[in-house]
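Residue-level listing of the chains:
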Amino acid sequence: MSASYVLLGLLARGPKHGYELKQAYDQRLPRAKPLAFGQVYSTLGRLERDGLVTQAGQDQAGGPERTTFAITGDGRATLETWLAEVEAPAPYVTSALLSKVVVALLVADPARATTYLSAQQQAHTGRMRELTRLKSEQDLTVGDLIAVDYALTHLDADLRWLQTALHRVADLHREVQS
Amino acid sequence: MSPLLSARDLTKSYGVQPALRGVDLDLHEGEIVAVRGRSGCGKSTLLHCLSGILRPDGGQVHFRGDRLDDTSEAYRSELRRTRFGVLLQHGHLISELTSAENVALPLMLGGGSRRAALAAAATWLGRLGVAEAAEQTPGQLSGGQLQRVALARAMVTQPAVLFADEPTGALDTLAGELVMKLLGRVAREQGTAVVVVTHDATIAAYAEREIVLLDGRLDPTGLGVAVAVGA
Ligand SMILES: Nc1ncnc2c1ncn2[C@@H]1O[C@H](COP(=O)(O)OP(=O)(O)OP(=O)(O)O)[C@@H](O)[C@H]1O
Ligand SMILES: [Mg+2]
């Protein structure tokens, strides 16, 4: 579960209480699924049980009493192990997009396949345009930009693959016909 | 609002090889339009016909309501020097001149002083992130630098329409982003209309809309390929 590693990563920069962690999480990973408060506390509970974080006092500045958490030595070691593990480079080979396009090219009649593929491409293009507009807004943090780039780059990869697939099938079709 | 540039039923062949087979396009002030499609589909030919570099075999092009395609070569090149900015896919800078002189040239040809033209050139080279290339000649520049110097030359006259054929092909992601943000700003602030040919969807995403060509025609599906099934 990567949320617990993100929390460890945030705590590696210094102790924080639950509310600060949620804020920092949402700021660092904007437009990722926002982390629910309940999830922050349940994750902290699990990390504490496993000895990866520890309670480091109470913070009462102006509001209700809040427990501050700090990362432990075991926590740092766990974080470093996670960071050293290379992510499997093929997270998309099971995507719904792949399945649907393959099936569309396999069984649909050309008109129906064209309608679906055209709508799919427009949905991708439209989303890329929205994200690109977002990029030119003034007050984006580097964290925002990195997250938007991630989304844009993956949508672009989908589109490029889709185009290549259509060209391949069309070229093959032309060869068979002639 | 009537379009700044409008093309109707453009056709163009090279010998027996048809490159455009009836293309319509309306372009409004401040608008960015991306042109996409498979290699050889007619994108560059369309750009050349719109900007008056080529005369179409059939159809019409109007700029600010005036017909452009049937005018003399002299009139069209005057228009290109004053109202249009053109960045060609295989655009050439003059190899004996420095970048700054290349960029300043259109202004000097238009009667501007050398000093003012070089100052404007420096501004555009700076905006495009290639200020350091100002005193180099084209032979001393990288591909990405050349591309941005050529773009600066196309922008320096503050054209009403900018035609850019693959302006970011040699640029990395962040340099491409800088160029497209700048084109967006020029479109917003100066009302420049931009036609940008690109293969890159992340670049096309800066445009408000895109047209896709397929074998010299507009492809309403936007796919740019006749879908075949049963692979
Ligand atoms: N000067 C020319 N003489 C003969 N044929 C040409 C000439 N220029 C282009 N063509 C042909 O016209 C068609 C359209 O070419 P065009 O350069 O407009 O394509 P394009 O979409 O810009 O391609 P690319 O993405 O590769 O730049 C192609 O079949 C090409 O071979
Ligand atoms: Mg071309």
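The text that follows walks through the structure, step by step, so that each part is easy to find. Since the structure is predicted, the reported quantities are computational estimates derived from the model, not experimental observations.

Let us look at the overall build of chain B. Scanning chain B from terminus to terminus reveals 7 helices and 10 strands. In summary, chain B has a C-alpha radius of gyration of 18 Å against a globular reference of 17 Å for 231 residues, a match within 12%. Overall, the C-alpha framework of chain B stretches about 60 × 45 × 35 Å when taken along its three principal axes. A buried classification covers 53% of the 231 residues belonging to chain B.

All names here are of chain B. Near ligand 1 the following residues occur: Tyr-14, Gln-17, Ala-19, Ser-39, Gly-40, Cys-41, Gly-42, Lys-43, Ser-44, Thr-45, Gln-89 and His-199. Within the side chain of Gln-17, an N or O atom sits 3.5 Å from an oxygen atom of ligand 1. Within the backbone of Gly-42, one N or O atom sits 3.0 Å away from an oxygen atom of ligand 1. Relative to its unbound accessible area of 630 Å², ligand 1 is 61% covered by the protein chains. Mapped onto the shell around ligand 1, the elements with two or more residues apiece are β2 (17-27) and α1 (43-50). Tallying contributions element by element places α1 first for the shell around ligand 1, with 3 residues. When its residues are assigned to classes, the shell around ligand 1 shows 3 nonpolar, 8 polar and 1 charged.

Our next topic: the coordination of the magnesium ion (ligand 2). Between any two of four tetrahedral donors, the ideal angle at the metal is 109.5 degrees; between two of six octahedral donors, it is 90 or 180 degrees. Residues and elements named next belong to chain B. Protein-derived ligands of the magnesium ion (ligand 2) are Ser-44 (OG) and Gln-89 (OE1), with the metal-ligand distances lying across 2.0 to 2.2 Å. Placement of Ser-44 in helix α1 and of Gln-89 in the loop between β6 (84-87) and α3 (99-109) is noted, with a sequence separation of 45 residues between them. Given a relative accessible area of 39%, Gln-89 falls into the partly exposed group.

As a further point, take helix α3 (residues 37-49) of chain A. Residues and elements named next belong to chain A. The terminal C-alpha atoms of α3 lie 18 Å apart, and with 13 residues this matches the ideal 18 Å at 1.5 Å per residue to within 8%. Restricting attention to buried positions, one finds in α3 the residues Val-40, Thr-43, Leu-44 and Leu-47. Each buried residue of α3 lies within a common arc of 100 degrees when the element is viewed along its axis, so the set occupies one face. Elements in contact with the buried residues of α3: α1 (2-11), α2 (18-28), β2 (53-59) and β3 (66-71).

Here we take up the pairing of β2 of chain B. In the case of a regular strand, side chains alternate between the two sheet surfaces. Residues and elements named next belong to chain B. Direction of pairing for strand β1 (residues 5-14) relative to β2: antiparallel, over a ladder of 8 bridges. By the bridge assignment, Lys-12 is partnered in β2 with Leu-20. In this antiparallel pair of consecutive strands, β1 and β2, the connection spans 2 residues, and Gly-15 shows a positive phi of 60 degrees.

All names here are of chain B. Relative to strand β9 (residues 209-214), strand β3 (residues 32-36) runs parallel, the two being bridged by 4 bridges. Within β9, the residue paired with Ala-34 across the bridge is Glu-210. Hairpin connection, β9 to strand β10 (residues 217-218): the antiparallel pair is bridged by 2 residues, and Asp-215 has positive phi, about 50 degrees.

Looking now at the sheet that holds β9 of chain B. All names here are of chain B. Spatial strand order, β6-β7-β8-β3-β9-β10: 6 strands in an open sheet with mixed pairing. Taken across any chain shown, the strands that pair with only one partner, and hence form the sheet edges, are β6 and β10. For β9 and β10, the ladder comprises 2 bridges, and the chain directions are antiparallel. Of the residues in β10, the one forming a bridge with Leu-214 is Arg-217. Across the sheet, helix α5 (residues 143-155) touches β6 and β7 (161-165), and the angle it forms with β6 is around 165 degrees.

About the cut-offs
- Residues numbered from 1 in each chain as written.
- Chains lettered and ligands numbered in written order.
- Predicted model: local features only at pLDDT ≥ 70, side-chain atom pairs only at ≥ 80, totals over all residues.
- Heavy atoms only, no water.
- Helix = DSSP H or I, 4+ residues; strand = E, 2+ residues; numbered from the N terminus.
- Rg over C-alpha atoms; globule rule 2.2 N^0.38 Å.
- Buried < 20%, exposed > 50% of the residue type's maximum accessible area, 1.4 Å probe, protein only.
- Near = heavy atom within 4 Å.
- Polar contact = N/O pair within 3.5 Å; in protein donor to acceptor, adjacent residues only side chain to side chain.
- Areas by Shrake-Rupley, 256 points an atom, 1.4 Å probe, with all protein chains shown as cover.
- Nonpolar A, V, L, I, M, F, W, Y, C, P; charged D, E, K, R; others polar.
- Donors = N, O, S within 2.8 Å, 3.2 Å for Na, K, Ca; no water.
- Expected span 1.5 Å × (residues − 1).
- Arc of directions from axis to C-beta.
- Contact = heavy atoms within 4.5 Å.
- Pairing = 2+ DSSP bridges.
- Axes fitted to C-alpha atoms, helices over the stretch in contact; angles between N-to-C directions.

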